[in-house]
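Structural overview for review
Take a look at the letters that make up each chain.
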Amino acid sequence: MKNIDMKGSRRRHLWMLHDLQCEIRGCTFHDGTGNYGPDRAYGIFLGNMITASMVEDNIFYNMHVPIAFEGGAAGNVVSYNYITKVKYSDPEWAQPAIVEHGPHPMMNLIEGNCCGSKIIGDMYWGSASHNTYFRNRVYQATPTGLNYGTWLVDFYIWHK
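The notes below deal with the structure included here. All figures in this text were calculated on a predicted structure; none of them were measured in a lab. (Residues numbered from 1 in each chain as written. Predicted model: local features only at pLDDT ≥ 70, side-chain atom pairs only at ≥ 80, totals over all residues. Heavy atoms only, no water.)

1. Re the layout of surface pockets
Considering only enclosed or pocket space, the largest pocket measures out at about 440 Å³ in volume. Lining the largest pocket are 21 residues, and of these Gln-95, Pro-96, His-101, Asp-122 and Tyr-124 lie nearest its centre. Listed by contribution, the elements that provide at least two residues to the lining of the largest pocket are β8 (65-69), β11 (96-100) and β14 (118-121). The class makeup of the residues in the lining of the largest pocket is 13 nonpolar, 4 polar and 4 charged. (1 Å grid on protein atoms, 1.4 Å probe; cavity = no way out; pocket = protein on both sides within 12 Å on 5 of 7 lines; lining within 4 Å. Points joined across faces, edges and corners; volume = space filled by probe spheres on them. Helix = DSSP H or I, 4+ residues; strand = E, 2+ residues; numbered from the N terminus. Nonpolar A, V, L, I, M, F, W, Y, C, P; charged D, E, K, R; others polar.)

2. Concerning the sheet that holds strand β1 (residues 5-7)
Here we have 6 strands laid out as an open sheet, ordered β1-β4-β7-β10-β13-β16, and parallel in their pairing. The open sheet terminates on both sides in strands that have one partner only, identified here as β1 and β16 (137-138). The pairing of strand β10 (residues 82-86) with strand β13 (residues 114-115) spans 2 bridges and is classified as parallel. Looking at β13, one finds that Tyr-82 is bridged to Cys-114. (Pairing = 2+ DSSP bridges.)

3. With respect to the environment of Ala-52
Position of Ala-52 relative to the elements: it lies in the loop between β5 (42-46) and β6 (54-56). Accessibility expressed as a relative area gives 35% for Ala-52, which makes it partly exposed. Sequence separation between Ala-52 and Leu-17 is 35 residues, and the spatial gap between their C-alpha atoms is 13 Å. Each residue touching Ala-52, except ones within four places of it in the same chain, is listed here: Leu-20, Gln-21, Cys-22, Ala-74, Gly-75 and Asn-76. (Buried < 20%, exposed > 50% of the residue type's maximum accessible area, 1.4 Å probe, protein only. Contact = heavy atoms within 4.5 Å.)

4. Points about the packing of aromatic side chains
Throughout the structure, instances matching the rule amount to 5 aromatic pairs. Judged by centre distance (6.0 Å) and plane angle (50 degrees), the ring pair of Tyr-42 and Phe-45 falls under tilted. Taken together, a centroid distance of 5.4 Å and an interplanar angle of 70 degrees make the contact between Tyr-133 and Phe-155 edge-to-face. Separated by 22 residues along the polypeptide, Tyr-133 in strand β15 (residues 132-134) and Phe-155 in strand β17 (residues 153-155) bring together distant segments of the chain. Taking relative accessible area as the criterion, Tyr-133 reaches 24% and is therefore assigned partly exposed. Joined through ring pairs, the aromatic side chains of Trp-15, Tyr-42 and Phe-45 make up one cluster. The side chain of Arg-12 reaches across the aromatic face of Tyr-42, ending 5.1 Å from its centre. Against the face of Phe-45 rests Arg-12, its NZ or CZ located 3.8 Å from the ring centre. (Phe/Tyr/Trp six-rings, centres within 6.5 Å; stacked < 30°, edge-to-face > 60°. Lys NZ or Arg CZ within 6 Å of the ring centre and 35° of its normal.)

5. Structural notes on the pattern of salt bridges
All chains considered together, the criterion is met by 5 salt bridges. Across the salt bridge formed by Arg-25 and Glu-56, the nearest N and O atoms sit 2.3 Å from each other. Taken together, the residues span a long stretch of sequence, with Arg-25 in strand β3 (residues 23-25) and Glu-56 in strand β6 at a distance of 31 residues. We classify Glu-56 as buried; its relative accessible area is 15%. Look at the salt bridges and you will find they share partners, linking Arg-11, Arg-12 and Asp-39 into a network. (Salt bridge = Lys/Arg side-chain N within 4 Å of Asp/Glu carboxyl O.)

6. Side note on the sheet that holds β17
Strand pairing in a sheet relies on backbone hydrogen bonds, with the paired strands running either antiparallel or parallel. Read across the open sheet, the 6 strands follow the order β2-β5-β8-β11-β14-β17; overall the sheet is parallel. Of all strands in the sheet, those bounded by a partner on one side alone are β2 (12-16) and β17. Averaged over neighbouring strand pairs, the angle between their axes works out to 10 degrees when direction is ignored. Bridge analysis of β11 against β14 gives 4 bridges, and the strand direction is parallel. Looking at β14, one finds that Val-99 is bridged to Ile-120. (Axes fitted to C-alpha atoms, helices over the stretch in contact; angles between N-to-C directions.)

Take a look at the structure:
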């Protein structure tokens, strides 16, 4: 995909499953619909068995979770994306710009992204390993009203 403008996703703008060597470049993902609650208004969902793909030079705004790794995504590059205005149905909780959330994403490179919210590696659905975060800029774009989870990088102890 190149130079596509995607607006108004209820669940996920792009849900990738069992894909090899895909490229998403120069696209804009914005404005989820619904309540921006759990499992709603995602940008790109790198799901089960995504390998050797590149997500580069995209813009994400007004999304709940702009980029999510899940289900063994391996050997992918997520680089030089701009992410801002991350939303959630509970405006007091900071939400991730990029998250490793599913069972064992590994050997992915996350480089040079500008994230107006936090980066998370959680343990809800399993661990992860050998992912590299390099030269990313992470800052809280909308600190007003946030009371919980306001730290910028959050890797859970069992995430590994």
